[in-house]
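Residue-level structural notes
Residue-level listing of the chains:
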Amino acid sequence: RGSLNILFQLLITVGISIANLVNYWASSLHPWGWRLSLGLAGVPAALLCFGSLLIVETPTSLIERGKSEKGKATLERIRGTKNVEPEFQQLVKACETASEVKHPYHRLMRRDGHPRLFISIILQVFQQLTGINAIMFYAPVLFQTMGFKNDASLLSAVITGLVNVIATFVSIAIVDRVGRKALLLQAAVQMFICQGAIGIILLKDLHLTNSLNPTVAIVVVILVCCYVASFAWSWGPLGWLIPSEIFPLETRSAGFSFAVCSNMLFTFLIAQAFLSMMCHLKAGIFFFFAGWILIMGTFVVFFLPETKGVPIDQMTERVWKKHWLWARFMAEETNRV
């Protein structure tokens, strides 16, 4: 389940890397290369638009809308066999249970829904407070500030983008074996060390001329790559994976919408604030994000339950009701049942 879900994040990282490669190539086409780079962004948008016309409805969606026969036919096509009756009946039963909840947002606001909602939102907030999007968005500007020339800064962004892709494969390979918490905690330690080390180096060696010793500059790039790698196998994909696992079917769409909204909001806020923060804080920007990473690691240790290997329909009994804090919120659900 975890590996399959992370394919979503993998394709995002591939898109980022392609964008970085296009920017690097277009930078040599002076003076109109930037127009070409900007215009080519319309290509994936067009593919997305026309590709959406070819997307097949999921069996669950069809069953929920009363199109059971089409849902069964789609399931047979997906599985490649006619022998899907047991799975089909499970889907029908799950959809019937979900349909009994007429107001999923109201259900989500009940006390027993608070832990799931809180964790899905806070993971998205923390994902942005790692500083990853600030660094990925402004990698060329960041490297130029460190003294790299224009082409070199774009090339460095290409390198970090490729690291992002490769490290995501690591997450796909091990997430269902080592668990979610272990990856998050390991990455929190690695990101904290990298951010702190970059901050110290820049505070010590970045001069008024905005240049670094070539050797020191290479060390900074390596540290940025290590930071990006740790994010790509942890907080990047798991920030999406965990919210998709913790909600029951009847409130999953409503709950996940809160997670997505939180992600978009904090992506916007960090993107808008980063350049101003970098101008005012300079090297201190890395200590700012390192501080948040320390808070995030502490949160994972004490408040995030492990969901590895737990069927979604058993999440309440095996995860929430056994957690030292969140079990207190599950009493209402038990009483209602």
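Going by the structure above, here's the rest.
Basis of the calculations
Residues numbered from 1 in each chain as written. Predicted model: local features only at pLDDT ≥ 70, side-chain atom pairs only at ≥ 80, totals over all residues. Heavy atoms only, no water. Helix = DSSP H or I, 4+ residues; strand = E, 2+ residues; numbered from the N terminus. Buried < 20%, exposed > 50% of the residue type's maximum accessible area, 1.4 Å probe, protein only. Areas by Shrake-Rupley, 256 points an atom, 1.4 Å probe, with all protein chains shown as cover. Lys, Arg positive; Asp, Glu negative; His and termini not counted. Charge placed at Lys NZ, Arg CZ, Asp CG, Glu CD. Phe/Tyr/Trp six-rings, centres within 6.5 Å; stacked < 30°, edge-to-face > 60°. 1 Å grid on protein atoms, 1.4 Å probe; cavity = no way out; pocket = protein on both sides within 12 Å on 5 of 7 lines; lining within 4 Å. Points joined across faces, edges and corners; volume = space filled by probe spheres on them. Contact = heavy atoms within 4.5 Å. Patch = residues over 30% accessible without salt bridge, like charges linked within 9 Å, V, L, I, M, F, W, Y side chains within 5 Å. Salt bridge = Lys/Arg side-chain N within 4 Å of Asp/Glu carboxyl O. Polar contact = N/O pair within 3.5 Å; in protein donor to acceptor, adjacent residues only side chain to side chain. Axes fitted to C-alpha atoms, helices over the stretch in contact; angles between N-to-C directions. Parallel < 35°, antiparallel > 145°, perpendicular 65-115°, else oblique. Left-handed = near helix turned anticlockwise from the far one by under 90°. Nonpolar A, V, L, I, M, F, W, Y, C, P; charged D, E, K, R; others polar.

When helices and strands are counted, the chain shows 18 helices and 0 strands. Along the longest, intermediate and shortest principal axes, the C-alpha atoms of the chain span 65 × 45 × 35 Å. Every one of the 337 residues in the chain was classed for burial, and the buried ones make up 45%. If you sum the accessible surface of the chain, you get close to 17600 Å²; carbon and sulfur atoms cover 69% of it. Of the charged side chains in the chain, 28 are positive and 19 negative, and the gap between their average positions amounts to 5 Å.

What follows deals with the packing of aromatic side chains. Under the defined criterion, the tally for this structure stands at 13 aromatic pairs. Seen from their ring centres, F299 and F303 are 5.5 Å apart, and the 35° between their planes marks the pair as tilted. Of this pair, F299 and F303 both sit in helix α16 (residues 284–303), 4 residues apart, which is roughly one turn of the helix. The class for F299 is buried, based on a relative accessible area of 9%. Given the relative accessible area of 27%, F303 is considered partly exposed.

It is worth spelling out the layout of surface pockets at this point. Each pocket or cavity is described by its volume, and for the largest pocket that value is around 1600 Å³. Lining of the largest pocket is provided by 45 residues; of these, P248, L249, E250, R252 and I312 occupy positions nearest its centre. Mapped by element, the contributors of at least two residues to the lining of the largest pocket are α1 (2–26), α4 (59–64), α6 (85–99), α7 (104–108), α14 (235–246), α15 (249–281), α17 (315–318) and α18 (331–336). Top contributing element to the lining of the largest pocket by residue count: α6, with 9 residues.

What follows is about the side chain of N20. Assignment of secondary structure puts N20 in helix α1. Judged by its relative accessible area of 12%, N20 falls in the buried class. Not counting chain neighbours up to four residues away, the residues in contact with N20 comprise A157, V158 and G161.

It is worth spelling out a nonpolar patch on the surface at this point. A cluster of nonpolar side chains, W25, L40, V43 and L47, forms an exposed patch at the surface whose accessible area comes to about 390 Å². Structurally, the position occupied by L47 is in helix α3 (residues 42–51).

The next thing to look at is the side chain of S244. Tracing the chain through its elements places S244 in helix α14. Polar contacts involving the side chain of S244 include one to the side chain of N5, which spans 3.0 Å. Of note is the side chain of S244, whose polar atom sits 2.6 Å from the backbone oxygen of L241. When sequence neighbours within four positions are dropped, the list of residues in contact with S244 reads N5, R252, F256 and I312.

Interaxial distance between helix α8 (residues 114–129) and α15 falls to 8 Å at its minimum, and their mutual angle equals 25°. For the element pair α8 / α15, the angle class is roughly parallel. The handedness of the crossing between α8 and α15 is right-handed. For the pair formed by α8 and α15, the contact residues are L117, S120, I121, Q124, V125, Q127, Q128 and L129 on the first element and G255, F258, A259, S262, N263, F266, T267 and I270 on the second. Classifying every residue of the contact of α8 with α15 by side-chain character gives 8 nonpolar, 8 polar and no charged.

Looking now at the pattern of salt bridges. Across all of its chains, the model carries 9 salt bridges by this definition. R65 is the salt-bridge partner of E57, the closest N and O atoms lying 3.2 Å from each other. Here E57 falls in the partly exposed class, since its relative accessible area comes to 40%. The salt bridge involving R110 is made with D112; its shortest N-O contact spans 3.1 Å.

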